[in-house]
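Each chain, letter by letter, is given below.
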Amino acid sequence: MNYEVTGKVNAIKTDIGDSEEELDDYEDDELEFEDEQNNQSPEPDDNPPSNNRNNGELKKRLFKLMLIIGGGMLILLLILLLISALLTKSYTYESVEEVMKNAAMSYFEDNKANLPKDENQTVEIQVPTLVEAKKMKNLDDYLGKDCGCTGRVEVKLSGDSYVYIPYLTCGEKYATKFLTTEVTKEENLVGSGYGLYIANDGYVFKGETVNNYVQLESRVWRIVKVNADKTVTLVLSRAADREYPYDDRYNQQADYDYGINNYQTSRIREQLQLMYNETNIEEEENYILTEKDKTHLVNFDLCIGKMSKTDTIHDNSIECTQSITDKIGLLTVSDYMNASADINCNVVGSNSCQNYNYLSQNGSFWLMTPSTKDTFTAFYIGSGVVKESEASENNKVRPVITLSASTLISGGDGSEANPYVVK
C-alpha cells in the first residue's frame with residue numbers, strides 16, 4: 001500500500017516556517033519597543049522619591065538623640081559630683097574640736113572611773129588615745145594629710161556636770177581660742193584712755209566705750225576684769241527692770257524694818273540665787289543663765305567687807321577683808337570705781353567716778369558693799385554716782401559671774417556689734 005505524505009510534510013514544514021517567522025517578527029517588535037522606551041525622555045513625576053528626605057529626617061533624629069543622651073550624661077555627672085560633695089564632709093578646725101569633745105564624752109562614758117572626783121581635779125586625754133579606742137579618726141583624716149595638728153581634751157567637774165574642753169593646735173595655722181588669751185592680747189592693752197589696763201596682777205577695763213562684750217547662750221555680759229588666775233569676771237550688760245530691796249528685815253539699831261546690811265544673809269543674795277537657779281525661759285527677769293552657761297562658771301570670792309563713803313582705797317582690799325564663795329554676786333564699790341578712766345575718781349563718793357565709765361550708763365542698781373555708817377545702809381549706783389541708802393529701799397540688780405580660765409570662744413572682737421562668743 002502506498003501512502004502519499006509529501007504534501008502533508010510540506011504543509012507541516014510550511015506551518016513551522018510560518019511560526020518561526022512570526023516569532024522573529026515578535027522579537028523584532030519587542031526590541032523596537034524597548035529602544036523606543038529607552039530613547040524617550042522621562043516624564044516629570046508629581047511625587048518624587050522620598051529617599052533623600054527620609055535620610056535627612058533620620059539624621060536629624062539621630063542628632064537630637066545624641067544631644068539628649070549627652071545632656072543626660074552631663075546632668076548625671078553633675079548629680080554624682082553633688083552627691084560626692086555632700087557625702088564628703090568638710091571639716092573646719094572648730095568642727096574638729098567638736099569631734100574631739102564628743103569622742104572624749106563617749107570615751108569617759110565607757111571609763112567613768114577615770115573622771116575627775118572634785119572641782120579641783122582635771123583629767124586629760126590625748127587624741128591618739130581616743131583614736132586607739134575607736135572614738136574618732138586621726139586628725140589627718142579630718143584636716144588633710146600631714147596637717148601638723150595635735151589635740152587633747154581636758155575634763156573638769158563643775159557642780160553636777162562635767163565640762164569637756166578640747167585643745168587643738170595646728171602650728172601657726174590655728175590654735176584653740178580661749179577668752180582670756182583673746183582679751184589680754186598685747187594689742188588690747190593701754191596705758192591711758194579707754195581700754196584694758198594691767199592692775200593687781202590681772203587686768204581691768206576702764207573707759208566709756210570699751211570692747212568688753214561677751215555673748216553667752218542666754219544674755220550679753222560685759223567683762224569687768226581678768227583675774228590673776230585667768231578667770232574672767234562678768235557683769236550683766238544691763239540691769240533687770242524689776243527692783244528689789246537689799247534687805248527688808250527688822251533692824252534693832254534703827255528699831256524699824258530698814259533691813260540689815262549683811263550681804264551673806266541678805267534678801268538680795270537670796271534673789272540672786274533664785275536668778276541663778278531659774279530654769280523657766282518665760283521668766284525674762286530672772287532667767288539669766290542656761291544650763292550650758294553654768295558649765296562655764298566657777299566659784300569665786302565675793303568680797304563683802306564694809307566701806308566708808310570717804311575711803312580712797314579702791315583695789316578691793318577693804319571689801320575683801322570679809323568674803324564668801326559663790327557663783328553669782330554683785331559689783332563692789334571698788335569694781336565700779338576702777339571702771340572709771342577719770343583720774344579724779346579717787347574717793348568712794350566722788351561725782352567724778354561717773355565720768356568715762358561704761359558701768360554708769362545703766363541707771364540705778366545695787367552694789368554688794370555695805371556701808372560702815374550703820375547696820376542698815378548699803379551702797380548703790382544712782383545717776384552714775386556711788387550713793388548710800390537704807391537696805392530696805394528698792395533698786396535694780398546687775399548680777400556678776402566668773403568664767404573659768406578655760407572658757408573657749410568661737411569668735412568676736414569684744415565690740416558691741418561683734419561680742420566674744422562663748423562656745
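Please read all numbers here as calculations on a predicted model, not as lab measurements.

Draft legend 1. Spotlight on the nonpolar core. Of all hydrophobic cores here, the largest spans 60 residues; its most connected members are Ile 223 and Tyr 263. Setting aside chain neighbours within four positions, we find Ile 223 in contact with Val 183, Phe 205, Asn 212, Val 214, Val 232, Thr 233, Leu 234, Tyr 358 and Tyr 420. Counting 24 residues, the second-largest nonpolar core is a separate cluster that includes Met 100, Phe 108, Leu 168 and Cys 170.

Draft legend 2. Just the pattern of salt bridges, in detail. Applying the stated rule across the entire model yields 14 salt bridges. Two residues, Arg 152 and Glu 124, come together in a salt bridge whose shortest N-O distance is 2.9 Å. Here Arg 152, found in strand E2 (residues 150-158), pairs with Glu 124, found in strand E1 (residues 122-126); they are 28 residues apart in sequence, far enough to count as distant. Taking the relative accessible area as the measure of exposure, Arg 152 reaches 24% and is therefore partly exposed. With a relative accessible area of 42%, Glu 124 lands in the partly exposed category. Here Arg 152 and Glu 154 are joined by a salt bridge, their closest N and O atoms 3.0 Å apart.

Draft legend 3. Representation of the sheet that holds strand E4 (residues 174-175). If you trace the four strands from one edge of the open sheet to the other, you get E1-E2-E3-E4, paired in antiparallel fashion. Each edge of the sheet is formed by a strand with only one pairing partner; in this case those strands are E1 and E4. Relative to strand E3 (residues 161-170), E2 runs antiparallel, the two sharing nine bridges. Paired with Val 155 across the bridge in E3 is Tyr 164. The strands that helix H3 (residues 93-110) touches are E1, E2, E3 and E4; relative to E3, the one it contacts most, it runs at about 135°.

Draft legend 4. How the structure looks around the packing of aromatic side chains. Summed over the entire model, instances satisfying the criterion amount to eleven aromatic pairs. Residues Phe 108 and Tyr 164 carry aromatic rings whose centres are separated by 6.3 Å and whose planes lie at 50° to one another, so their mutual orientation is tilted. Taken as a pair, Phe 108 in helix H3 and Tyr 164 in strand E3 lie far apart in primary sequence, 56 residues in all. Side by side, Phe 108 and Tyr 164 carry an identical accessibility label, which is buried. Members of the aromatic cluster, connected to one another through ring pairs, are Tyr 246, Tyr 263, Trp 366 and Tyr 380. The side chain of Arg 398 reaches across the aromatic face of Phe 365, ending 5.1 Å from its centre.

Draft legend 5. Structural detail: unusual backbone geometry. Not every positive phi belongs to a glycine, and Asp 146 is a case in point at roughly 55°. Positive phi, close to 50°, is recorded for Asn 200, a residue that is not glycine. Following the sequence through the fold, Asn 200 ends up in the loop between strand E5 (195-199) and strand E6 (202-206).

Draft legend 6. Spatial organisation of the sheet that holds strand E15 (residues 385-390). Taken together, three strands build an open sheet; the order of strands is E13-E14-E15 and the sheet is antiparallel. Each edge of the open sheet is held by one strand with a lone partner, namely strand E13 (365-370) and E15. The sheet shows a mean angle of 40° between the axes of neighbouring strands, direction not considered. With six bridges joining them, strand E14 (residues 377-382) and E15 adopt antiparallel strand pairing. Bridging from a neighbouring strand, Ala 378 pairs with Ser 389 of E15.

Cut-offs used in this document
Residues numbered from 1 in each chain as written. Predicted model: local features only at pLDDT ≥ 70, side-chain atom pairs only at ≥ 80, totals over all residues. Heavy atoms only, no water. Core = buried A, V, L, I, M, F, W, Y, C linked by side-chain atoms within 4.5 Å. Buried < 20%, exposed > 50% of the residue type's maximum accessible area, 1.4 Å probe, protein only. Contact = heavy atoms within 4.5 Å. Salt bridge = Lys/Arg side-chain N within 4 Å of Asp/Glu carboxyl O. Helix = DSSP H or I, 4+ residues; strand = E, 2+ residues; numbered from the N terminus. Pairing = 2+ DSSP bridges. Axes fitted to C-alpha atoms, helices over the stretch in contact; angles between N-to-C directions. Phe/Tyr/Trp six-rings, centres within 6.5 Å; stacked < 30°, edge-to-face > 60°. Lys NZ or Arg CZ within 6 Å of the ring centre and 35° of its normal.

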